[in-house]
Amino acid sequence: MTESTTNGEHLALWGGRFKSGPSPELARLSKSTQFDWRLADDDIAGSRAHARALGRAGLLTADELQRMEDALDELQRRVDSGAFTPIEDDEDEATALERGLLQIAGDELGGKLRAGRSRNDQIAALIRMWLRRHSRIIAKMLLGLASTLIEQAEKAGRTVMPGRTHMQHAQPVLLAHQLMAHVWPLLRDVERLSDWDKRIDASPYGSGALAGNTLGLEPVAVARELGFSKVTANSIDGTASRDLVAEFSFIAAMTGVDLSRLSEEIIIWNTQEFAFVRLDDAYSTGSSIMPQKKNPDIAELARGKSGRLIGDLTGLLTTLKGLPTAYARDLQEDKEAVFDQVDTLEVLLPAFTGMVGTMVFDKERLEAEAPTGFALATDIAEWLVKNGVPFRHAHELSGACVKIAEDRGQELWDLTDENFISVFKDFLPAEKAPQVREVLSTEGSVSARNGKGGTSPLRVREQIAAAKSTIEQLRTFANSISDGPAYKTPESLLK
Ligand code: ARG
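Owing to the predicted nature of the structure, the values given are computational and were not obtained by experimental measurement.

Scoring rules and cut-offs
- Residues numbered from 1 in each chain as written.
- Predicted model: local features only at pLDDT ≥ 70, side-chain atom pairs only at ≥ 80, totals over all residues.
- Heavy atoms only, no water.
- Helix = DSSP H or I, 4+ residues; strand = E, 2+ residues; numbered from the N terminus.
- Buried < 20%, exposed > 50% of the residue type's maximum accessible area, 1.4 Å probe, protein only.
- Contact = heavy atoms within 4.5 Å.
- Areas by Shrake-Rupley, 256 points an atom, 1.4 Å probe, with all protein chains shown as cover.
- Pairing = 2+ DSSP bridges.
- Axes fitted to C-alpha atoms, helices over the stretch in contact; angles between N-to-C directions.
- Parallel < 35°, antiparallel > 145°, perpendicular 65-115°, else oblique.
- Left-handed = near helix turned anticlockwise from the far one by under 90°.
- Nonpolar A, V, L, I, M, F, W, Y, C, P; charged D, E, K, R; others polar.
- Expected span 1.5 Å × (residues − 1).
- Salt bridge = Lys/Arg side-chain N within 4 Å of Asp/Glu carboxyl O.
- UniProt positions renumbered as here; feature names shortened; annotations may be inferred.
- Near = heavy atom within 4 Å.
- Polar contact = N/O pair within 3.5 Å; in protein donor to acceptor, adjacent residues only side chain to side chain.
- Core = buried A, V, L, I, M, F, W, Y, C linked by side-chain atoms within 4.5 Å.
- Phe/Tyr/Trp six-rings, centres within 6.5 Å; stacked < 30°, edge-to-face > 60°.
- Lys NZ or Arg CZ within 6 Å of the ring centre and 35° of its normal.

## Points about the overall build of the protein chain
- In terms of helices and strands, the protein chain carries 19 helices and four strands.
- Dimensions of the protein chain along its principal axes, counting C-alpha atoms only, are 100 × 55 × 40 Å.
- Within the protein chain, buried positions represent 51% of all 495 residues.
- Once local pairs closer than 6 in sequence are excluded, the contacts in the protein chain between residues at least 24 apart make up 78%.
- When the accessible surface of the protein chain is summed, it comes to about 22,800 Å², and 53% of that surface belongs to carbon and sulfur atoms.

## Side note on the pairing of strand β2 (residues 168-174)
- Alignment of strand β1 (residues 160-165) against β2, held across six bridges, turns out to be antiparallel. Within β2, the position partnered with Pro 162 by the bridge is Pro 172.
- As consecutive antiparallel partners, β1 and β2 are separated by two residues, and within that stretch His 166 has a phi angle of approximately 55°, a positive value.

## Section: the packing of helix α10 (residues 243-269) against helix α11 (residues 297-320)
- At their nearest, the axes of α10 and α11 sit 8 Å apart, and the two run at 160° to each other. The angle between α10 and α11 places the two elements in the roughly antiparallel class. Crossing of α10 against α11: the hand is left-handed. Here α10 contributes Val 245, Ala 246, Ser 249, Phe 250, Ala 252, Ala 253, Gly 256, Val 257, Ser 260, Ser 263, Glu 264 and Ile 267 to the contact with α11, which in turn contributes Ala 299, Glu 300, Ala 302, Arg 303, Ser 306, Leu 309, Ile 310, Asp 312, Leu 313, Leu 316, Leu 317 and Leu 320.
- Taken together, the residues of the contact of α10 with α11 sort by class into 15 nonpolar, five polar and four charged.

## Some words on α11
- A rise of 1.5 Å per residue sets the reference length of α11, with its 24 residues, at 34 Å; its end C-alpha atoms lie 35 Å apart and thus fit the reference within 8%.
- Ile 298, Ala 299, Ala 302, Ser 306, Leu 309, Asp 312, Leu 313 and Leu 316 are the residues of α11 that are buried.
- Looking at the buried positions of α11, the neighbouring elements they touch are α10 and α12 (334-358).
- A positive backbone phi angle near 85° is found at Gly 322, which sits one or two residues after α11.

## Examining the pattern of salt bridges
- Here the structure, examined in full by the defined rule, presents 34 salt bridges.
- Residue Glu 154 pairs with Lys 468 through a salt bridge whose shortest N-O separation is 2.6 Å. Remark: Lys 468 occurs in helix α18 (residues 457-479) and Glu 154 occurs in helix α6 (residues 119-156); sequence separation between them is 314 residues.
- The exposure class of Glu 154 is partly exposed, given its relative accessible area of 40%.
- A relative accessible area of 37% means that Lys 468 is categorised as partly exposed.
- Between Glu 472 and Arg 475 there is a salt bridge whose closest N-O contact spans 3.7 Å. In this pair, Glu 472 and Arg 475 are both assigned in helix α18, three residues apart and thus about one turn of the helix distant.
- What you see here is one network of salt bridges that share partners, running through Glu 91, Asp 92, Arg 119 and Arg 329.

## A closer look at the UniProt feature "domain: Argininosuccinate lyase C-terminal" (unreviewed entry) in the protein chain
- The UniProt record annotates "domain: Argininosuccinate lyase C-terminal" (unreviewed entry) at residues 374-446.
- Regarding residues 374-446, the helix share stands at 56% and the strand share at 0%, and the terminal C-alpha atoms are separated by 14 Å.

## Some remarks on the site of the ligand
- The full set of residues close to the ligand is Ser 32, Asp 92, Arg 119, Asn 120, Ile 123, Tyr 327, Gln 332 and Lys 335.
- Asp 92 is positioned such that a nitrogen or oxygen atom in its side chain is 3.0 Å from a nitrogen atom of the ligand.
- Starting from 350 Å² of accessible surface for the ligand in isolation, the protein chains cover 84%.
- In terms of residue count, the dominant contributor to the shell around the ligand is α6 (three residues).
- Residues belonging to the shell around the ligand are distributed by class as follows: two nonpolar, three polar and three charged.

## A few points about the nonpolar core
- Formed by 105 residues in total, the largest nonpolar core has its most connected members in Leu 131, Phe 248 and Phe 352.
- Top contributing element to this core by residue count: α6, with 17 residues.
- Contact partners of Phe 248, with chain neighbours within four places excluded, come to Leu 131, Ser 135, Ile 138, Leu 193, Trp 196, Val 338, Gln 341 and Val 342.
- The next biggest cluster of nonpolar side chains, apart from the first, holds 23 residues, and it includes Ile 380, Val 423, Val 436 and Val 439.

## Overview of the packing of aromatic side chains
- Under the counting rule described, the total for this entry stands at seven aromatic pairs.
- Among the aromatic residues, ring-to-ring pairing joins Trp 383, Phe 420 and Phe 424 into one connected group.
- Here the basic side chain of Arg 17 rests over the ring of Phe 18, its NZ or CZ set 5.9 Å away from the ring centre.
- Sitting above the plane of the Phe 339 ring, Arg 38 keeps its charged end 4.5 Å from the centroid.

## Some remarks on the environment of Glu 346
- Position of Glu 346 relative to the elements: it lies in helix α12.
- Once the C-alpha coordinates of Glu 346 and Ile 137 are considered, the two residues, 209 residues apart in sequence, prove to be 7.9 Å apart.
- When sequence neighbours within four positions are dropped, the list of residues in contact with Glu 346 reads His 134, Ile 137, Ile 138 and Met 141.

## Some remarks on unusual backbone geometry
- Although it is not a glycine, Met 167 sits at a positive phi angle of roughly 65°.
- Along the polypeptide, Met 167 turns up in the loop between β1 and β2.
- The exposure class of Met 167 is partly exposed, given its relative accessible area of 45%.

## Some remarks on the side chain of Ser 241
- Along the chain, Ser 241 falls in the loop between α9 (235-240) and α10.
- Among the polar contacts listed, one links the side chain of Ser 241 to the backbone oxygen of Asp 237, at a separation of 2.7 Å.
- Other than its neighbours up to four places away in sequence, Ser 241 contacts Arg 128 and Ile 236.

Below you can see the structure in the form of structure tokens.
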């Protein structure tokens, strides 16, 4: 095996017991810098904390530690400026960065940093650090989207629309209520991230390859410097487990599904037949052949990308299934799945939020459609219940009214007094029957649904206030940086 060199041409982190270097085929298969280089900043932060731990353990003198930190600062600068990047021969980001460090600090000093750590505990720590930072970015974007939906709900005021079940007209609801129904799942996605963060907030650094380290290194201080409040309780679990990566991946997939369901709604509302909503020109696309077309591509891409987000989760879970409980190289496959999910969401959410914020509802059309399709039939039944009719009969009587209207091609409010009198005759006096008209308005129908969580304007105002306060609470998580005393999110990663 080629020796480690400081001339920057080649470095292997292993090889002492090998007669030859890796075959080109193996090298090509093994290489991961094309995707794991984005962990470089976290790796250097880890190295800094690790160097201090070596110093505290007496394995680096004060002077060596100072020179090591200077070298790591220089390495960070070279990485930031692009002056230092992986070369073809670097197996992974850790290999590349050690090569870089040796170039700056020299073999003698640079060669000391690797003591007491393994790429197994390093990589397990780095993916946690990286995901924790991006979870905040995604949380912020989701809260932004939720706030945008709330603004639309407030703009909608008391506008009513057809509420549907099975896609059929069911009961009128406030447009605001329907929009808010998409806010809550998104807020739960952020809650999930915040809750997940409590579990992933443990540093595997110091676990070594699997059994811990013999050098008297104190992982607690390293954890603090890397923004973790504690250390993983078991070094095997620390290096082998990826359930927390998978849990993040589930949240990302679920977020995709939530966006997809809202997308589907917007796509349907935007059809000529529905014509409930108009998308802004800046957030829709045209057709290369049909000049009249204006397409809801953002919603369609969101719907499509949800499939990809689910695929990432499925792939990751499949990789983990059946692995022995300690590091195995299979675990290298954890990263691309979540990198792809994060990239997908971080590019999707701003566009999606723009589309939602600029779409314009046709309130008149929504109002006109709201009561049609016998959407007030439940109101008739419940009015009868309030007048002492058992619900089983009330349901039938209301159904009889629907039948008359349907046979005549009319709506419920078109029935005559005589119709109501004759349908209700076994239960209500004739003078009472026509009073059912008092509930045959969408406004009456909507206002009557005034139990908590219902669609009455009062209750919707109440839920908007509740959602806003949930957003405020979740902002504490979204704005938190998983920062210990020393670890700062590199600016380049936050742009
Ligand atoms: N590149 C590896 C990964 O991403 C790092 C750990 C490699 N460890 C090893 N013993 N080969 O998982």
